[in-house]
Amino acid sequence: GIYAAQGFERFLLLTGYKGEQIADWVGAESWGGVEIDCVDTGVDTATGGRIKLAQDRLGGRAFNATYADGLADVDLRELLAFHQGHEGLATLTAVRPPLQFGVAEIDDDGRVREFSEKPQLDHWINGGFFRFESGVLDYLEPDSVLEREPFERLAASGELRAHRHSGFWDCMDTYKDAVELNDIWATGRAPWPAWAAAPDPA
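The model shown is predicted, which means the values in this text are computed figures rather than measured ones.

**Overview of the nonpolar core**
Step number 1: The biggest cluster of nonpolar side chains holds 17 residues, and the ones touching the most others in it are I51, F63, F130, F132, L146, F151 and L154.
Step number 2: Broken down by secondary-structure element, the contributors of at least two residues to this core are β3 (63-66), β5 (90-95), β8 (125-132) and α6 (149-156).
Step number 3: Per-element tally for this core: the top contributor is β5, with 3 residues.
Step number 4: Counting residues in each nonpolar core, the second largest holds 12 residues, with A72, V74, W169 and C171 among its members.

Structure, rendered in structure tokens:
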């Protein structure tokens, strides 16, 4: 995906549902110099708990993480540079996706002033591409949901920063998402594989 295309070579896939099938598939494929290890973290383990359960494999080093359901043209060089430029333990990529529905601007008397088809969200949301120092693991427990208490505690202690990404971002959460993203891919002009030269993934 995006990380391999931008020069990253070592991956841990933290698996749960159908983890054995995923591991078999990974083992049967040739990855062109990319090293992929699967770690079974359990079917019901939450996002933060999966990372916590991989702590021994991370070796006390800074690391990147993603949910693996997001497609984006995030420049990971920029994300790493932003992270290295602050003192915090964690950086998330913040995005402003288009709303799923059109928006009606309505006057007090019920008159529709204008209608905007799927405008961009006004607020920034978690885009799911992260850079973490190993100290983030101290904020995690085996049952942690990353986006809840760990991020709340990191934010409260001033350790969480947001790198704003204004380019393409979407995620594949539903069948509708899959259809729309496959349609974009079929055009041959999908924005997510069009990454620039690979960074130094230090």
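**Digging into the pattern of salt bridges**
Step number 1: Applying the stated criterion across every chain, the model contains 6 salt bridges.
Step number 2: Residue D75 is joined to R77 by a salt bridge in which the shortest nitrogen-to-oxygen separation is 3.3 Å.

**Some remarks on a negative patch on the surface**
Step number 1: On the surface, a cluster of negative charge is contributed by E141, D143, E149 and E152.
Step number 2: With respect to the secondary-structure elements, D143 resides in the loop between β8 and α6.
Step number 3: On the basis of relative accessibility, which here comes to 64%, the residue D143 falls in the exposed class.

**Comments concerning the environment of H83**
Step number 1: By the element assignment, H83 lies in helix α5 (residues 76-84).
Step number 2: For H83, a relative accessible area of 2% corresponds to the buried category.
Step number 3: With 48 residues separating them along the chain, H83 and R131 place their C-alpha atoms 6.9 Å apart.
Step number 4: If sequence neighbours within four positions are ignored, H83 has contacts with G88, L89, A90, T91, R131 and E133.
Step number 5: Side chain to side chain, H83 and T91 meet in a polar contact 2.7 Å long.

The rules we used
Residues numbered from 1 in each chain as written. Predicted model: local features only at pLDDT ≥ 70, side-chain atom pairs only at ≥ 80, totals over all residues. Heavy atoms only, no water. Core = buried A, V, L, I, M, F, W, Y, C linked by side-chain atoms within 4.5 Å. Buried < 20%, exposed > 50% of the residue type's maximum accessible area, 1.4 Å probe, protein only. Helix = DSSP H or I, 4+ residues; strand = E, 2+ residues; numbered from the N terminus. Salt bridge = Lys/Arg side-chain N within 4 Å of Asp/Glu carboxyl O. Patch = residues over 30% accessible without salt bridge, like charges linked within 9 Å, V, L, I, M, F, W, Y side chains within 5 Å. Areas by Shrake-Rupley, 256 points an atom, 1.4 Å probe, with all protein chains shown as cover. Lys, Arg positive; Asp, Glu negative; His and termini not counted. Charge placed at Lys NZ, Arg CZ, Asp CG, Glu CD. Contact = heavy atoms within 4.5 Å. Polar contact = N/O pair within 3.5 Å; in protein donor to acceptor, adjacent residues only side chain to side chain.

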